[in-house]
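# Reading the structure
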Amino acid sequence: MRTSTFLLGLLTLAALPACLSLESDKQKEEAAEKAVLSKHDEAMAQTTGPVYELRQQLQQQPGPDTARTGRQVRSLLRAEAAMTGWMHQYRRPADSTAHEQKLQYYAQQQHKIDSVAVLISSSLDSARQVLAAGAAPTPSSAP
């Protein structure tokens, strides 16, 4: 009897660290929300400065390809609008919302903000290419 009690106690102690390392539902929710908001912060940092600056540079750039420049300006505006739209629709779930519904909501929001971040990044890359192409000398203007 004493041996079985000892073994049971030993098994309980062995399982204790595994139980303690499990995240609670609340911790999982907080981690999911933190991931979404972190991606938002990262994308927002690109939106507030670089998107505005590149849009201004494109609008001031002299060059023959005004249609391409105009398309790129509109692309940057769409990226800004996507970020604004995401921010307006995001709502933290109520505390009374079920755990699984919260995790599902955060997963959907993560997908949406990831898409916005990709749009912003690709718009910035394209704008930089347009600006670089406009800064390069054309064959007709080379000495």
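Please refer to the structure higher up on the page.
Please read all numbers here as calculations on a predicted model, not as lab measurements. (Residues numbered from 1 in each chain as written. Predicted model: local features only at pLDDT ≥ 70, side-chain atom pairs only at ≥ 80, totals over all residues. Heavy atoms only, no water.)

### A short note on the overall build of the protein
Broken down by element type, the protein carries four helices and zero strands. The secondary structure elements of the protein, listed N-terminal to C-terminal, are α-α-α-α. Within the protein, buried positions represent 26% of all 143 residues. Long-range pairs, those at least 24 residues apart, make up 77% of the contacts in the protein between residues at least 6 apart in sequence. In the form shown here, the protein has an accessible surface area of approximately 9,700 Å², with 60% of it arising from carbon and sulfur atoms. (Helix = DSSP H or I, 4+ residues; strand = E, 2+ residues; numbered from the N terminus. Buried < 20%, exposed > 50% of the residue type's maximum accessible area, 1.4 Å probe, protein only. Contact = heavy atoms within 4.5 Å. Areas by Shrake-Rupley, 256 points an atom, 1.4 Å probe, with all protein chains shown as cover.)

### Observations concerning empty space enclosed by the protein
Scanning all chains against the criterion turns up one cavity of 30 Å³ or more. Roughly 70 Å³ of volume is contained in the largest cavity. Along its surface, the largest cavity is lined by Lys26, Glu29, Glu30, Glu33, Arg92, Pro93, Asp95, Lys102 and Tyr106. Secondary structure elements with two or more residues in the lining of the largest cavity: helix H2 (25-60) and helix H4 (99-135). Of the residues forming the lining of the largest cavity, the biggest block, four residues, is contributed by H2. Partitioning the lining of the largest cavity into residue classes produces two nonpolar, no polar and seven charged. (1 Å grid on protein atoms, 1.4 Å probe; cavity = no way out; pocket = protein on both sides within 12 Å on 5 of 7 lines; lining within 4 Å. Points joined across faces, edges and corners; volume = space filled by probe spheres on them. Nonpolar A, V, L, I, M, F, W, Y, C, P; charged D, E, K, R; others polar.)

### Some details on H2
In a regular helix each residue adds 1.5 Å, so 36 residues correspond to 52 Å; H2 covers 52 Å between its end C-alpha atoms and thus fits that length. When the local axis directions of H2 are compared, the greatest deviation, roughly 35 degrees, occurs at Thr47, which is followed within four positions by the proline Pro50. (Expected span 1.5 Å × (residues − 1). Bend = angle between axes of the 7 residues up to and from the residue.)

### Brief notes about the pattern of salt bridges
Counted by the stated rule, this structure contains five salt bridges. One salt bridge in this structure joins Glu33 and Arg92, with 3.0 Å as the shortest N-O distance. In this pair, Glu33 is assigned in helix H2 and Arg92 in the loop between helix H3 (66-89) and H4, connecting sequence segments 59 residues apart. Judged by its relative accessible area of 13%, Glu33 is buried. A salt bridge links Asp125 to Arg128; the shortest N-O distance between them is 3.7 Å. Of this pair, Asp125 and Arg128 both sit in helix H4, three residues apart, which is roughly one turn of the helix. On the accessibility criterion, Arg128 (41% relative accessible area) is partly exposed. (Salt bridge = Lys/Arg side-chain N within 4 Å of Asp/Glu carboxyl O.)

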